[in-house]
Amino acid sequence: MSDKNTAYKVDQKIVYPSQGVGTIKEIKEKKFKDQMILYYVIYLDVSDMTVMIPVEKCDELGIRAIVSKEEALNAIEMIGQEFEPITSDWKLRYQMNLDLLKKGSINDIASIVRCLYHRSKVKELPILERKLYDSAKKLLEDEISYSLEKTSKEVEAMIHAKLEPLGLMHAKQQSSISKDYIDGDDEDFLDDEDSPVEDEEEDDDDDMMDDDE
């Protein structure tokens with residue numbers, strides 16, 4: 001099938017948010033409910049999986065082309081910039097970042113990596129957030145790697161170099177903010193049954209300290 005009338009071409013690299021970087025292997029028509037639908041056949045490297053996506057659904061799913069070198073470098077620079085502290089409620093934080101991942105711009109993905117990396121320096125991430133962080137970081141590294149024509153290891157080092165200097169300072173700020181949040185309005189913000197595990201753990205730590213005294 002000719003690809004001259006489609007946004008993406010055969011062998012082109014694309015980003016499929018929440019799935020990874022993929023390659024368009026084929027563009028073909030297939031009958032569905034008595035209609036001929038045009039599909040992209042996309043191979044996803046990270047999962048070693050091939051998927052078929054209707055051409056008309058690509059924008060809705062956030063599928064897009066790999067960014068330019070300039071955009072990739074801007075995303076790396078953005079990771080090293082200061083940003084507003086995010087909520088210590090991990091459930092709310094997880095949903096906010098999940099929404100960003102679904103939007104799928106390179107800046108959105110970079111924001112997730114920056115946010116969760118610095119949060120992990122304050123306290124270990126819950127399992128769901130850790131998986132989200134790993135997915136976003138892998139997607140960011142792969143896209144920048146293709147854009148800049150560098151290896152994943154080289155890109156990983158570039159990203160880490162931007163994260164770490166800011167991380168040391170940000171961890172101290174977040175630690176102070178988290179303590180104030182827990183000691184102050186935390187009980188009003190969340191019902192007891194919905195309280196994050198991290199708050200319960202910190203209460204347990206306080207009880208142990210009282211016993212020791």
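Residues numbered from 1 in each chain as written. Predicted model: local features only at pLDDT ≥ 70, side-chain atom pairs only at ≥ 80, totals over all residues. Heavy atoms only, no water.

Participant: What's the story with the sheet that holds strand E3 (residues 35-44) in this structure? I'm lost.
Facilitator: In a beta sheet, neighbouring strands are held together by backbone hydrogen bonds and run either parallel or antiparallel to one another. With respect to topology, five strands assemble into an open sheet ordered E4-E3-E2-E1-E5, the strand pairing being antiparallel. The open sheet terminates on both sides in strands that have one partner only, identified here as strand E4 (49-54) and strand E5 (64-65). With respect to the sheet, helix H5 (residues 127-148) is in contact with strand E1 (13-16), strand E2 (20-32) and E5, its orientation differing from that of E2 by roughly 90°. (Pairing = 2+ DSSP bridges. Helix = DSSP H or I, 4+ residues; strand = E, 2+ residues; numbered from the N terminus. Contact = heavy atoms within 4.5 Å. Axes fitted to C-alpha atoms, helices over the stretch in contact; angles between N-to-C directions.)

Participant: Teacher, can you tell me more about the pairing of E1 here?
Facilitator: The two faces of a sheet get side chains in turn, since along a regular strand they alternate between them. Across four bridges, E1 lies against E2 in antiparallel orientation. Across the sheet, the residue bridging to Tyr 16 is Gly 20, located in E2. Alignment of E1 against E5, held across two bridges, turns out to be antiparallel. Looking at the pairing, Ile 14 lines up with Ala 65 of E5.

Participant: What should I look at first to understand the packing of aromatic side chains in this one?
Facilitator: Geometry of an aromatic ring pair is reported as the spacing of the ring centres plus the angle between the planes. Overall, the coordinates contain one aromatic pair when judged by the stated rule. Each ring, one from Tyr 8 and one from Tyr 40, has its centre 5.7 Å from the other, and the planes form 50°; the classification is tilted. On the criterion of sequence distance, the pair formed by Tyr 8 in the segment before E1 and Tyr 40 in strand E3 is long-range, its members being 32 residues apart. In terms of burial, Tyr 8 and Tyr 40 fall into one category: buried. (Phe/Tyr/Trp six-rings, centres within 6.5 Å; stacked < 30°, edge-to-face > 60°. Buried < 20%, exposed > 50% of the residue type's maximum accessible area, 1.4 Å probe, protein only.)

Participant: Could you clarify how one ought to interpret the pairing of E2 in this entry?
Facilitator: Linking two consecutive strands that pair antiparallel, namely E1 and E2, is a turn of three residues; a positive phi of about 75° is found at Ser 18 within it. In this sheet, E3 lies alongside E2 in antiparallel orientation, the contact comprising 10 bridges. From the neighbouring strand, Ile 24 faces E3, where its bridge partner is Ile 42.

Participant: Quick question: what am I supposed to make of H5 here?
Facilitator: Note that an α-helix has 3.6 residues per turn; residues three or four places apart therefore point the same way. In this model, H5 (22 residues) spans 31 Å end to end at C-alpha, consistent with the 32 Å of a helix rising 1.5 Å per residue. Looking one or two places after H5, you find Glu 149, whose phi comes out positive at around 60°. (Expected span 1.5 Å × (residues − 1).)

Participant: Sorry if this is basic, but what is going on with helix H2 (residues 69-79) here?
Facilitator: Buried within H2 we find Ala 72, Ala 75, Ile 76, Met 78 and Ile 79. Considered in projection along H2, the buried side chains sweep an arc of 160° and stay on one side of the axis. (Arc of directions from axis to C-beta.)

Participant: Which parts of the structure should I look at to understand the nonpolar core?
Facilitator: General note: in soluble globular proteins, nonpolar side chains tend to be found buried as a group. Counting 32 residues, the largest nonpolar core has Leu 116, Leu 140, Ile 144 and Ile 159 as the members making the most contacts within it. Those elements giving two or more residues to this core turn out to be H2, helix H3 (90-103), helix H4 (106-122), H5 and helix H6 (152-183). The residues touching Leu 140, leaving out its near neighbours within four places in the chain, are Ile 79, Ile 106, Ile 109, Ala 110, Val 113 and Ile 159. In terms of nonpolar packing, the next biggest core, distinct from the first, is built from 12 residues, Ile 14, Ile 42, Cys 58 and Ile 63 among them. (Core = buried A, V, L, I, M, F, W, Y, C linked by side-chain atoms within 4.5 Å.)

Participant: Can you help me understand the packing of H3 against H5 in this one?
Facilitator: Geometrically, a packed helix pair is captured by the angle between its two axes and the distance between the axes. H5 packs onto H3 with a crossing angle of 25° between their chain directions and a minimal axis gap of 10 Å. As the angle between them shows, H3 and H5 are arranged roughly parallel. Here H3 runs over H5; the crossing is left-handed. Of H5, the residues touching H3 (which contributes Trp 90, Arg 93, Tyr 94, Asn 97, Leu 98 and Leu 101) are Leu 128, Glu 129, Leu 132 and Leu 139. (Parallel < 35°, antiparallel > 145°, perpendicular 65-115°, else oblique. Left-handed = near helix turned anticlockwise from the far one by under 90°.)

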